[in-house]
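Geometric and topological summary
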Amino acid sequence: MKPQGRGFRGLGLLLLACLLVTGCQTVYYQAWEKFGKEKRDLLKDNVKDARNEQEQAAEQFKDALTRLKEMYGFQGGNLEKAYDKLKADYDRSASRAKAVSSRVEKVEQIATDLFAEWEAEIKNMSNDRLSANSRAQLRQTREKYESLHASMKKAESSMQPVLKQFQDQVLYLKHNLNAQAIGSLKGEAVDIEKEIQRLIKDVNASIAEADAFIQGME
């Protein structure tokens, strides 16, 4: 990556961190406007990022399920090493889930500010026909966003039951690091696999909503 590209990306990350700090939103938007990006552009970009975060989280949960199945089939060897790998998968899954939540929060903030600005600007329009058209477009965009938002929140919330079950199993193995403990967890495999399948379904639905929303803003 070119130095200029790294600098631009660094600025973007700093501004994203700034976005959710009270009183900092104005600075965030003003800085991006210098690069020709309005709130509409920022919303679209962050929806894309949220979609990508969800995809990566889903893949990580799939990897974690694979690790669990390997643990259930443990036939001997270094049990502590196998546990360490499982714990690492749990930590990565938790980190991915947190990244999804953070990105959804950014989408929510930008959408709120975009719609508030849009409403205020319509009130300043003197042409009744143009203002009516703009209000109709705002209503349509808001409806599409609300559908997207509901889908994103559903996918986000579906990660928590999986994480909870995963954490329970990791902690149980930590407390009882032996083959007998692994055997007692095999019965839990069906439940956690169902939760992960539900998670994947919700993420895929959210990704489809995001793609449709982004396409509508092109």
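My aim in this report is to walk through the structure given alongside it, one point at a time.

The next subject is the overall build of the chain. From N to C terminus, the chain includes seven helices and zero strands. For the chain, the sequential pattern of α-helices and β-strands runs α-α-α-α-α-α-α. When burial is assessed residue by residue, the chain has 40% of its 218 residues classed as buried. On the chain, roughly 12300 Å² of surface is accessible, and the fraction owed to carbon and sulfur atoms is 49%.

Following both chains from N to C, one finds helix α2 (residues 25–33) and helix α3 (residues 39–72) inclined at 95°, their axes separated by 10 Å at the closest point. Overall, the two elements α2 and α3 adopt an arrangement that is roughly perpendicular. Listed contacts from α3 to Y28, Y29 and W32 of α2 are K39, L42 and N46. Broken down by class, the residue content of the contact of α2 with α3 amounts to four nonpolar, one polar and one charged.

Along the chain, Q60 turns up in helix α3. With a relative accessible area of 10%, Q60 lands in the buried category. Discounting residues that sit within four places of it in the chain, Q60 has contacts with D89, R92, S93 and R96.

Our focus in this paragraph is the packing of α3 against helix α7 (residues 189–217). At a minimum axis separation of 9 Å, α3 and α7 run at an interaxial angle of 160°. It follows that α3 is roughly antiparallel to α7 by the angle criterion. The way α3 lies across α7 gives a crossing that is left-handed.

Our next topic: the nonpolar core. Considering soluble globular proteins, one finds that nonpolar side chains tend to be buried as a cluster. Counting 55 residues, the largest nonpolar core has L43, V47, M71, M159, F166 and L173 as the members making the most contacts within it. Considering each element in turn, this core owes the most residues, 15 residues, to helix α4 (residues 79–123).

Bringing helix α5 (residues 128–175) into the picture now. For α5, built from 48 residues, the straight-helix expectation of 70 Å at 1.5 Å per residue is met to within 8% by its first-to-last C-alpha distance of 70 Å. Here α5 starts with a cap whose side-chain oxygen sits 3.0 Å from the backbone nitrogen of R129, and that cap is N127.

Another point: the packing of aromatic side chains. A complete count under the given rule lists five aromatic pairs for this structure. Centre to centre, the rings of F115 and Y145 are 5.7 Å apart; their planes meet at 65°, and the pair counts as edge-to-face. Of the two residues, F115 sits in helix α4 while Y145 sits in helix α5, which places them 30 residues apart along the sequence. Across the pair, exposure class does not vary: F115 and Y145 are buried alike. One aromatic cluster is present, built from ring pairs that chain together F115, Y145 and F213. A cation sits over an aromatic face here: K39 above Y29, 4.5 Å from the ring centre.

Reading the values: rules and limits
Residues numbered from 1 in each chain as written. Predicted model: local features only at pLDDT ≥ 70, side-chain atom pairs only at ≥ 80, totals over all residues. Heavy atoms only, no water. Helix = DSSP H or I, 4+ residues; strand = E, 2+ residues; numbered from the N terminus. Buried < 20%, exposed > 50% of the residue type's maximum accessible area, 1.4 Å probe, protein only. Areas by Shrake-Rupley, 256 points an atom, 1.4 Å probe, with all protein chains shown as cover. Axes fitted to C-alpha atoms, helices over the stretch in contact; angles between N-to-C directions. Parallel < 35°, antiparallel > 145°, perpendicular 65-115°, else oblique. Contact = heavy atoms within 4.5 Å. Nonpolar A, V, L, I, M, F, W, Y, C, P; charged D, E, K, R; others polar. Left-handed = near helix turned anticlockwise from the far one by under 90°. Core = buried A, V, L, I, M, F, W, Y, C linked by side-chain atoms within 4.5 Å. Expected span 1.5 Å × (residues − 1). Polar contact = N/O pair within 3.5 Å; in protein donor to acceptor, adjacent residues only side chain to side chain. Phe/Tyr/Trp six-rings, centres within 6.5 Å; stacked < 30°, edge-to-face > 60°. Lys NZ or Arg CZ within 6 Å of the ring centre and 35° of its normal.

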